[in-house]
Amino acid sequence: MDDRTRWDARYRNGVYAERPWPSAFLEQNIVALSSSGGDGSHGHDKALDLACGAGRNSVFLAQHGFTTQGIDISAAAIAAGSAYACQVKTKVAWRCQNLLEQTGGKNLGRDPIHDLGHFQLIILFRFVAPGLLTHLMDHLLPGGHLMVEEHLQHDLGEQIVGPRNPDFRVAPNALLGEVEAASQSFDVIEHFAGLVAEPSGEKAAVSRLWVQRHL
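Concerning the packing of aromatic side chains
Then, number 1: What the rule picks out here adds up to 2 aromatic pairs.
Then, number 2: Residues W7 and Y11 carry aromatic rings whose centres are separated by 5.9 Å and whose planes lie at 35° to one another, so their mutual orientation is tilted. On the criterion of helical spacing, the pair formed by W7 and Y11 is a turn pair, its members being 4 residues apart in helix α1 (residues 3–12).
Then, number 3: W7 sits in the partly exposed class, given a relative accessible area of 22%.
Then, number 4: Owing to a relative accessible area of 16%, Y11 belongs among the buried residues under this scheme.
Then, number 5: With a centroid separation of 6.2 Å and 45° between ring planes, the pair formed by F25 and F125 is classed as tilted. Of this pair, F25 sits in helix α2 (residues 24–35) while F125 sits in strand β4 (residues 119–125); the two residues are 100 residues apart in sequence, bridging distant segments of the chain.
Then, number 6: Under the relative-accessibility criterion, F25 is labelled buried at 0%.

And the structure:
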């Protein structure tokens, strides 16, 4: 079963339906992100949500004034996100796309969003795509922000939620290493690796990175 078929089946079966809230990392910093935009011209209010799933973060960004594009491999997820956006009377542009190469499940050096232009904000939450962050820096406007949160490799035991397959987790400094490989200069606003409390009360081991491209 390929990734698209598998995720379509999961979303049709209601995966993550009990988690409509936005990412805590995004929600806690939305005021700073919103105030860092420009005057709405030249793309300064554009946001891109990669591996958006059913759109919880895409809708949240749109509700806070961003012209938002959400991308996910699953058509079923996109349909759920579109329905949710309509329900709350919010507009999001949706795109069904596999961000990974078919062979080997890795980026293999390509830029999967080469045609999408530039954004004030790009987010990638809990979807591991080796090499993608280096490309994303090229899609930030001067002064734009990249926010990433991934499951972290850990030895903290089975009480930590998230994938058991280490391929779906990152090493503590892996995210920063990818961004540093880009040609764009930037400032690190937040770099964190450790335990966080999920809204459900469970514990997760995550790696977070928030950088801002230099003006």
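Structural notes on the packing of α2 against helix α3 (residues 56–63)
Then, number 1: Contact pair α2 / α3: the axes reach a minimum separation of 11 Å and the direction vectors enclose 15°. Relative to α3, α2 is oriented roughly parallel. Crossing of α2 over α3 shows right-handed handedness. Facing α2, whose interface residues are L26, E27 and I30, α3 presents N57, F60 and L61.
Then, number 2: Among the residues making up the contact of α2 with α3, the classes are represented as 4 nonpolar, 1 polar and 1 charged.

Remarks on the side chain of R208
Then, number 1: Tracing the chain through its elements places R208 in strand β8 (residues 203–213).
Then, number 2: A distance of 2.5 Å separates a polar atom in the side chain of R208 from a polar atom in the side chain of E149.

Some remarks on unusual backbone geometry
Then, number 1: Here A51, not a glycine, exhibits a phi torsion of approximately 55°, which is positive.
Then, number 2: Residue placement: A51 occurs in the loop between β1 (46–50) and α3.

So, the environment of Q97
Then, number 1: Inspection of the secondary structure puts Q97 in the loop between β3 (93–96) and β4.
Then, number 2: For the pair Q97 and S74, spaced 23 residues apart in the sequence, the C-alpha separation amounts to 7.7 Å.
Then, number 3: If we skip the residues at most four places from it in the chain, Q97 touches R4, I71, D72, I73 and P112.
Then, number 4: Side-chain polar atoms of Q97 contact the backbone oxygen of P112, separated by 2.7 Å.

Overview of the pairing of β1
Then, number 1: Of all 5 residues in β1, 4 are buried, a share of seventy percent or more.
Then, number 2: Inspection of the sheet shows β1 paired to strand β2 (residues 67–72) by 5 bridges, in the parallel sense. The partner of D49 across the bridge, within β2, is G70.
Then, number 3: The parallel pair β1 and β2, bridged by α3, forms a crossover whose chirality is right-handed.
Then, number 4: Of the strand pairs in this sheet, β1 and β4 are connected by 4 bridges, and their pairing is parallel. Opposite L50, over in β4, you have L124 as the bridge partner.

As for the pattern of salt bridges
Close approach of charged atoms allows side chains of opposite charge to pair.
Then, number 1: Going through the model one piece at a time under the given rule, you end up with 5 salt bridges.
Then, number 2: The salt bridge involving D3 is made with R6; its shortest N-O contact spans 2.9 Å. In this pair, D3 and R6 both sit in helix α1, 3 residues apart, roughly one turn of the helix.
Then, number 3: Classification of D3 as partly exposed rests on a relative accessible area of 34%.
Then, number 4: A salt bridge links R126 to E149; its shortest N-O distance comes to 2.9 Å. Taken as a pair, R126 in the loop between β4 and α5 (132–137) and E149 in strand β5 (residues 140–151) lie far apart in primary sequence, 23 residues in all.
Then, number 5: On the basis of relative accessibility, which here comes to 3%, the residue E149 falls in the buried class.
Then, number 6: Residues joined in a network through salt bridges with shared partners are R126, E149, E198 and R208.

Rules behind the numbers
Residues numbered from 1 in each chain as written. Predicted model: local features only at pLDDT ≥ 70, side-chain atom pairs only at ≥ 80, totals over all residues. Heavy atoms only, no water. Phe/Tyr/Trp six-rings, centres within 6.5 Å; stacked < 30°, edge-to-face > 60°. Helix = DSSP H or I, 4+ residues; strand = E, 2+ residues; numbered from the N terminus. Buried < 20%, exposed > 50% of the residue type's maximum accessible area, 1.4 Å probe, protein only. Axes fitted to C-alpha atoms, helices over the stretch in contact; angles between N-to-C directions. Parallel < 35°, antiparallel > 145°, perpendicular 65-115°, else oblique. Left-handed = near helix turned anticlockwise from the far one by under 90°. Contact = heavy atoms within 4.5 Å. Nonpolar A, V, L, I, M, F, W, Y, C, P; charged D, E, K, R; others polar. Polar contact = N/O pair within 3.5 Å; in protein donor to acceptor, adjacent residues only side chain to side chain. Pairing = 2+ DSSP bridges. Right-handed = clockwise from strand over helix to strand, strands pointing away. Salt bridge = Lys/Arg side-chain N within 4 Å of Asp/Glu carboxyl O.

In short, the description is geometric, and any link to function would need to be established separately.
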